[in-house]
Amino acid sequence: MKPLLKWAGGKRHIADILISSFPKDWNKQTYFEPFIGGAALFFQLSPSSAIISDVNKRLIGFYKHVREDLDELLNEIRDISIEFDNCPDDSKKRYFLEIREQYNSSDVDSLESASKLFALNKLCFNGLYRENSKGGFNVPFGQKKKFPNIEFDDFKNANLALQNAEVKVSDFETTVKSAKSGDFVYFDPPYIPIDATSSFTSYHADGFSLDDQKRLAALLVELKNRNIKALCSNSDTELTRGIYSESNMKVIQAPRMVSAKSSGRGLINELVISNY
Ligand SMILES: C[S@@+](CC[C@H](N)C(=O)[O-])C[C@H]1O[C@@H](n2cnc3c(N)ncnc32)[C@H](O)[C@@H]1O
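Residues numbered from 1 in each chain as written. Predicted model: local features only at pLDDT ≥ 70, side-chain atom pairs only at ≥ 80, totals over all residues.

Caption draft 1: Inspection of the environment of Asp-236 at higher detail. Position of Asp-236 relative to the elements: it lies in the loop between β7 (229-235) and α10 (238-243). C-alpha separation for the pair Asp-236 and Glu-270, spaced 34 residues apart in sequence, amounts to 4.8 Å. Each residue touching Asp-236, except ones within four places of it in the same chain, is listed here: Val-251, Asn-269, Glu-270 and Leu-271. (Helix = DSSP H or I, 4+ residues; strand = E, 2+ residues; numbered from the N terminus. Contact = placed C-beta atoms within 7 Å.)

Caption draft 2: How the structure looks around the pairing of β7. With five of seven residues buried, β7 is to be regarded as a mostly interior element. For strand β4 (residues 184-187) and β7, the ladder comprises four bridges, and the chain directions are parallel. Among the inter-strand pairings, Tyr-186 is bridged to a residue of β7, identified as Leu-231. (Buried ≥ 20, exposed ≤ 12 C-beta atoms within 10 Å, placed from the backbone. Pairing = 2+ DSSP bridges.)

Caption draft 3: Quick peek at unusual backbone geometry. Non-glycine residue Ser-46 carries a positive phi angle of around 45°. Within the fold, Ser-46 resides in the loop between α2 (40-45) and β2 (50-54). With 18 C-beta atoms counted inside 10 Å, the residue Ser-46 sits in the partly exposed group. The backbone of Asn-227 shows a phi angle near 60°, a positive value even though the residue is not glycine.

If you want it as structure tokens, here you go:
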């Protein structure tokens, strides 16, 4: 199935390559995915037992509503899509901005936040998720004339996959505290930028600092000592290779998806880092 949301760093296009690097018994116990984002791997795998998390409260709220009250969520999304399609073309942007404002002032766990997160993801520029310093979603209108098709089968499959999952707002390190010997973890953090160098120590992107990268590298080693296999995706840079040097690395090729510039598209090397 396709992920429900478009997400920066989404793994849909390289899901098969990544899964082929998983240990054979990855689904024997609990599957952990602490940077869930668009959840491309999780939805493709539909594990029999899982713990998934992210620091984005509204994203986690969305998945909880997909799991717990799918029909109500779909009704709200359908209403938004009809209203959007009924707007004259010169009012569509205004309608988008209204939805964005209502979303930003809604409760993070509410059905309203979940339905509007989905609508904004479909209608905003390039399906990006970006917040201003006050935590408000601020991606501009993507100039769509029609609300994209709502894929009911994908929602149904997501609802089923989520029945076997604990879903929480948490930092990645806290999420894996409960992991036991024999469990498996897939980490997909915000990447180290490809132009970062080892002298560039103050780097910070998507709220994920160089210290967070080091914390994650150390966690891979700690998990190995606890007999928990873990795989991690990241960019292929000197800095990444240095920080994660205590783990094993393999290079794979991935499509470069998020850049809006056509020159930014094409294939790019990525690292698959494992502690096994
Ligand atoms: C590269 S995206 C994951 C993409 C996902 N694998 C997919 O297929 O769409 C990284 C995610 O990590 C989350 N994140 C950032 N810092 C985090 C932290 N300290 N702990 C847990 N999640 C974090 C972001 O909110 C974002 O959703």
